[in-house]
Amino acid sequence: MYRSYTCGELRTDHIQEEVTLSGWVQKVRDKGFVVWIDLRDRYGITQLIFDEERTSKALLEQARAVGREFVIQAKGTVIERASKNPNIPTGAIEILVSEFTVLNEALVPPFTIEDETDGGEDIRMKYRYLDIRRNPVKDNLIFRHKVAMEVRKYLSNEHFIEIETPYLIKSTPEGARDFVVPSRMNEGQFYALPQSPQTFKQLLMVGGMDKYFQIVKCFRDEDLRADRQPEFTQIDCEMAFVEQEDILQIFEGLTQHLLKEIHGVAPEKFPRITYDEAMQRFGNDKPDIRFGMEFGELNEVAQHKEFNVFNSAELVVGIAIPGAASYTRKEIDALVDWVRRPQVGAKGMVYVKCNEDGSFKSSVDKFYDQNDLAKWADVTGAKAGDLICVLSGDSNATRAQLSALRMEMAERLGLRKATEFAPLWVIDFPLLELDEETGNYHAMHHPFTSPKPGQMELLDTNPGAVKANAYDLVLNGNEIGGGSIRIHDKDTQAIMFKHLGFTPEEAKAQFGFLMDAFQYGAPPHGGIAFGLDRLVAILGGQETIRDFIAFPKNNSGRDVMIDAPASVDEDQLKELHLKLDIPS
Ligand code: ASP
């Protein structure tokens, strides 16, 4: 038996007990007449003691010879420590060692295995298995397990069945590129890895499995943005015989269950706002509502004066930044520079200081008097001491820019508190989105999403105005889940494909299996998928999903530990009937 206890278990109750522990050497302290070894495993650290009085010389020498991260087994007696360490649960005891085995030696690790390590991100990724020994990473993985268990518990109680769907499939359109896998046995043909199990879960509904879920890997070959992973995990769910209301209730329940089990908080009924309202009030379809700074549209009160920048703008919109009227000229200039960075893209920014004495001082005093500015303060909800920041231009772009400023200021002012949770539903998304470059419409959610009742007719006349039966669950400024009520009849699905630019032949070739299935008694159905990685990170009070994935890829989509992706040899290519054509 390698161990009778873990390194996190022993207390004063165990004094005098003979025990066996196994683990890694965290630290060796050699005082000459006494040697201590901190022995570590997943559960904690226990101190081993060897001394000249009670330990044989040979054993003492053996203890001195071990290095950091050696794997050892120690047998001995639990004794009370002379000087106790109140900072660790095992701090009142130590093990007087009588037998000691080195199970495996270790090279000196390339970084220290401590909570605050000296290793940078790259080296820690290369030796991720060592990084996982550190508490912050280990604790995150354990936390992820806990969240996944609670998800399974809640959904099982609600009679959902976890069903696996295949990874080697045909393209599922979720808006990204597919990763493809060549088929050796079918020359010139390829599988695609699922961007999500979307079509399969719908087929499960046709199959009568009316409540399905799966914690499942999805694969999307996207240009990597910061903190995106090419493979990520969804809590994927689908239900039959449901309307939007049923789905919102069940999954609001899931989110409440998680918040309660994990943080002991139970937010009341989640607010629901429409997509249009979210864009208008926050400039964003995943608003962070832990703080105010809501948008105030100023067209009416700021246009038709002499200020042409505003007069020619489609939208003039501002926010009131609490307490920022005291900013110096230099600080305000820095803000203007910030909104003009290419990542944000504003051309400039107008500001109004709302002075404590009730007067206003603005960057456009030439064009607006105190009465005008008082109206701006009214519209943006600014109070004495606040700074109103105003952007103008094309509606969509301006909203996005002001939203970026709103989030940045909230961050700077410490308003995005990791321990505060503000969930909400965003509903009534547009069905279609215009691709500015090609001039074509594509599905905002995916092609299987149904329009709101009575909106089909609008598809021909004003496709951009059609609202979808689609919803997102937003938590603290992050979309943590999204889904829709699906189309479940062949004809509607065919009309949808037509509007998305598929010929009937293309639709049949790609999705014939689904349209066929719809002819054999498809029940009304809908669902949702949560991004597990992000959900876990947010519940863990952090934003980086990489920290909650055991073996993540870096920002270039590489696994630097195993060095993937990598080339394959000629024979393998031949077998797969592939020929590379890469300009050298
Ligand atoms: N398949 C969708 C997605 O991955 C989720 C859903 O519609 O249920 O976003």
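Heads up: the structure comes first, above all this text.
For every chain, the first residue of its written sequence is number 1, and the numbers climb from 1 along that sequence. Residue-level local features of this predicted model are given only where pLDDT is at least 70; pairs of side-chain atoms are given and counted only at 80 or more, and the full residue set underlies all totals for whole chains, interfaces and linings. Here the side-chain values reflect all heavy atoms present in the structure, with hydrogen atoms and water set aside.

S.K.: What is the right way to look at the overall build of the protein in this model?
M.R.: Counting from the N terminus, the helices are the DSSP runs of H or I reaching at least four residues and the strands are the DSSP runs of E reaching at least two. Secondary structure summary: the protein contains 17 helices and 22 strands in total. In terms of overall dimensions, the protein has C-alpha extents of about 95 × 75 × 60 Å along its principal axes. Here the term buried applies to any residue with accessible area under 20% of the maximum for its type, exposed to any over 50%, and partly exposed to those in between, with areas from a 1.4 Å probe on protein chains only. Buried residues in the protein amount to 48% of all 584 residues. Any two residues whose heavy atoms approach within 4.5 Å are treated as being in contact. Excluding contacts between residues fewer than 6 apart, the proportion of contacts in the protein whose partners are at least 24 apart in sequence is 66%. Charge assignment: positive for Lys and Arg, negative for Asp and Glu; neither His nor the chain ends contribute. Each charge is placed at NZ for Lys, CZ for Arg, CG for Asp and CD for Glu. Counting 67 positive and 92 negative side-chain charges, the protein places the averaged centre of each group 3 Å from the other.

S.K.: Where do I start with the environment of Glu 570 in this structure?
M.R.: Along the chain, Glu 570 turns up in helix α17 (residues 570-575). Considering only alpha carbons, one finds Glu 570 and Leu 580, 10 residues apart in sequence, at a separation of 9.5 Å.

S.K.: What's the story with the environment of Ile 319 in this structure? I'm lost.
M.R.: Relative to the helices and strands, Ile 319 resides in strand β13 (residues 315-321). With residues near it in sequence (within four places) discarded, Ile 319 still touches Met 293, Glu 294, Phe 295, Thr 380, Leu 387, Ile 388, Cys 389, Leu 402, Leu 405 and Arg 406.

S.K.: Can you help me understand the pairing of strand β9 (residues 211-219) in this one?
M.R.: The side chains of a regular strand alternate, residue by residue, between the two faces of the sheet. For β9, the tally of buried residues reaches 7 of 9 residues, placing the bulk of the element in the interior. Strand pairing follows a simple DSSP-based rule, namely that at least 2 bridges must link the two strands. Relative to β9, strand β6 (residues 161-162) runs parallel, the two sharing 2 bridges. Paired with Ile 161 across the strands is Tyr 212, a residue of β9. Note that β9 and strand β10 (residues 231-240) share 9 bridges and pair antiparallel. By the bridge assignment for β10, Phe 219 is matched with Glu 231.

S.K.: Any chance you could explain the sheet that holds strand β4 (residues 71-80) here in plain terms?
M.R.: Note: strands within a sheet are paired through backbone hydrogen bonds, in either parallel or antiparallel orientation. If you trace the 5 strands once around the closed barrel, you get β1-β2-β3-β5-β4, paired in mixed fashion. Strand-to-strand twist in this sheet, taken as the mean axis angle between neighbours without regard to direction, amounts to 55 degrees. Here strand β2 (residues 34-41) pairs with strand β3 (residues 44-51) via 8 bridges, running antiparallel. What sits directly across from Ile 37, in β3, is Leu 48. Here the axes come from fitting lines to C-alpha atoms, over the contacting stretch only for helices, and the angles between their N-to-C directions go from 0 to 180 degrees. Each of β1 (18-30), β2, β3 and β5 (93-104) touches helix α1 (residues 57-65); the most contacted strand, β5, lies at about 70 degrees to it.

S.K.: Mind showing me how you'd approach helix α7 (residues 275-282) here?
M.R.: Because an α-helix completes one turn every 3.6 residues, residues spaced three or four positions apart along the sequence face the same direction. Of the residues making up α7, those classed as buried are Tyr 275, Ala 278, Met 279 and Phe 282. Buried residues of α7, viewed axially, fall in a sector of 105 degrees; they line one side. Tucked inside the fold, the buried residues of α7 contact β11 (272-274), α12 (395-412) and β17 (423-427). To obtain the arc, one takes the directions from the helix axis to the C-beta atoms.

S.K.: For this particular structure, what's the right way to read the side chain of Gln 455?
M.R.: Looking at the element boundaries, Gln 455 is found in the loop between β19 (441-443) and α13 (458-461). For this analysis, a polar contact is any N or O atom pair within 3.5 Å, provided that within protein one partner can donate a hydrogen and the other can accept it, and provided that sequence-adjacent residues contribute only side-chain to side-chain pairs. There is a polar contact of 2.6 Å between the side chain of Gln 455 and the backbone nitrogen of Lys 467. Leave out the neighbours within four places in its chain, and Gln 455 touches Ala 465, Val 466 and Lys 467.

S.K.: Explain the packing of helix α4 (residues 135-157) against helix α16 (residues 532-539) to me, please; I cannot follow it from the model alone.
M.R.: In the contact formed by α4 and α16, the axes pass within 10 Å of each other and the chain directions differ by 110 degrees. Taken together, the axes of α4 and α16 lie roughly perpendicular to each other. Crossing geometry of α4 relative to α16 is assigned as right-handed. Contacts between α4 and α16 pair Phe 143, Arg 144 and Val 147 from the former with Leu 532, Asp 533, Val 536 and Leu 539 from the latter. Reported orientations rely on four angle classes, namely roughly parallel under 35 degrees, roughly antiparallel over 145, roughly perpendicular from 65 to 115, and oblique for the rest. Should the near helix be turned counterclockwise from the far one by less than a right angle, the crossing is left-handed, whereas a clockwise turn marks it as right-handed.

S.K.: Is there a simple way to explain the site of the ligand in this structure?
M.R.: Around the ligand sit 14 residues in total, of which Glu 174, Gln 198, Lys 201, His 445 and Arg 486 are the nearest. Ser 196 has a polar side-chain atom sitting 3.1 Å from a nitrogen atom of the ligand. Lys 201 is positioned with one of its side-chain polar atoms (N or O) 2.6 Å from an oxygen atom of the ligand. Note on areas: Shrake-Rupley with a 1.4 Å probe; residue coverage comes only from the protein chains shown. Within the complex, the protein chains bury 92% of what would otherwise be the 270 Å² of accessible surface of the ligand. The set of elements that each furnish at least two residues to the shell around the ligand consists of α5 (198-206), β21 (478-485) and β22 (525-531). With 3 residues, β22 is the single largest residue contributor to the shell around the ligand. The classification used treats Ala, Val, Leu, Ile, Met, Phe, Trp, Tyr, Cys and Pro as nonpolar, Asp, Glu, Lys and Arg as charged, and all other residues, Gly among them, as polar. Taken together, the residues of the shell around the ligand sort by class into 2 nonpolar, 8 polar and 4 charged. Residue proximity to a molecule or strand is established when one non-hydrogen atom of the residue lies within 4 Å of it.

S.K.: What is the right way to read the pattern of salt bridges from this model?
M.R.: Note on pairing: side chains with opposite charge can pair once their charged atoms come close. For salt bridges, the criterion is a side-chain nitrogen of Lys or Arg within 4 Å of an Asp or Glu carboxyl oxygen. In this structure the tally under the stated criterion is 40 salt bridges. For Asp 51, the salt bridge goes to Arg 54, with nearest N and O atoms at 2.8 Å. Since its relative accessible area comes to 45%, Arg 54 is described here as partly exposed. Between Glu 245 and Arg 272 there is a salt bridge; the shortest N-O distance is 2.8 Å. A residue pair is termed long-range when its members are at least 10 positions apart, and Glu 245 in helix α6 (residues 244-263) and Arg 272 in strand β11 qualify at 27 residues. Judged by relative accessible area, which is 29%, Arg 272 ranks as partly exposed. Taken together, the shared-partner salt bridges connect Glu 121, Arg 124, Arg 128, Asp 131, Arg 134 and Arg 546 into one network.

S.K.: Can you help me understand the sheet that holds β13 in this one?
M.R.: Strand order in the open sheet formed by 5 strands is β12-β13-β16-β14-β15, and the pairing between neighbours is antiparallel. Of all strands in the sheet, those with a lone pairing partner are β12 (296-297) and β15 (360-362), marking the two edges. Here strand β14 (residues 350-354) pairs with β15 via 3 bridges, running antiparallel. Bridge assignment links Lys 353 to a residue of β15, and that residue is Lys 361. Sheet strands touched by helix α10 (residues 329-340): β14 and β16 (387-393). Its angle to β16, the strand with the most contacts, is close to 30 degrees.

S.K.: Just checking my understanding: could you explain unusual backbone geometry for this structure?
M.R.: Most peptide bonds are trans, and most residues other than glycine sit at a negative phi. Here the amide bond leading from Ala 564 into Pro 565 is cis, since omega sits at 0 degrees, within 30 degrees of zero. Inspection of the secondary structure puts Pro 565 in the loop between α16 and α17. The backbone of Glu 69 sits at a positive phi, close to 70 degrees, despite the residue not being glycine. Within the element layout of this structure, Glu 69 appears in the loop between α1 and β4. Using a relative accessible area of 3% as the deciding quantity, one classes Glu 69 as buried. For His 577, which is not a glycine, the phi torsion comes out positive at approximately 60 degrees. For His 577, the position within the fold is in the segment after α17. The exposure class of His 577 is partly exposed, given its relative accessible area of 37%.

S.K.: Where do I start with the packing of aromatic side chains in this structure?
M.R.: Planes of paired rings set the category: under 30 degrees apart is stacked, over 60 is edge-to-face and the rest tilted, where pairs are Phe, Tyr or Trp rings (Trp by its six-membered ring) whose centres lie within 6.5 Å. What the rule picks out here adds up to 19 aromatic pairs. With a centroid separation of 6.0 Å and an interplanar angle of 45 degrees, the aromatic rings of Phe 310 and Trp 376 are classed as tilted. Highlighted residues: Phe 310 in helix α9 (residues 308-311) and Trp 376 in helix α11 (residues 370-380), separated in sequence by 66 residues. A relative accessible area of 0% places Trp 376 in the buried class. Geometrically, the ring pair formed by Tyr 368 and Trp 376 is edge-to-face, given 4.9 Å between the ring centres and 65 degrees between the ring planes. Judged on exposure class, the residue Tyr 368 and its partner Trp 376 are both buried. Every member of this aromatic cluster is reached through a ring pair, and the members are Phe 307, Phe 310, Phe 367, Tyr 368 and Trp 376.

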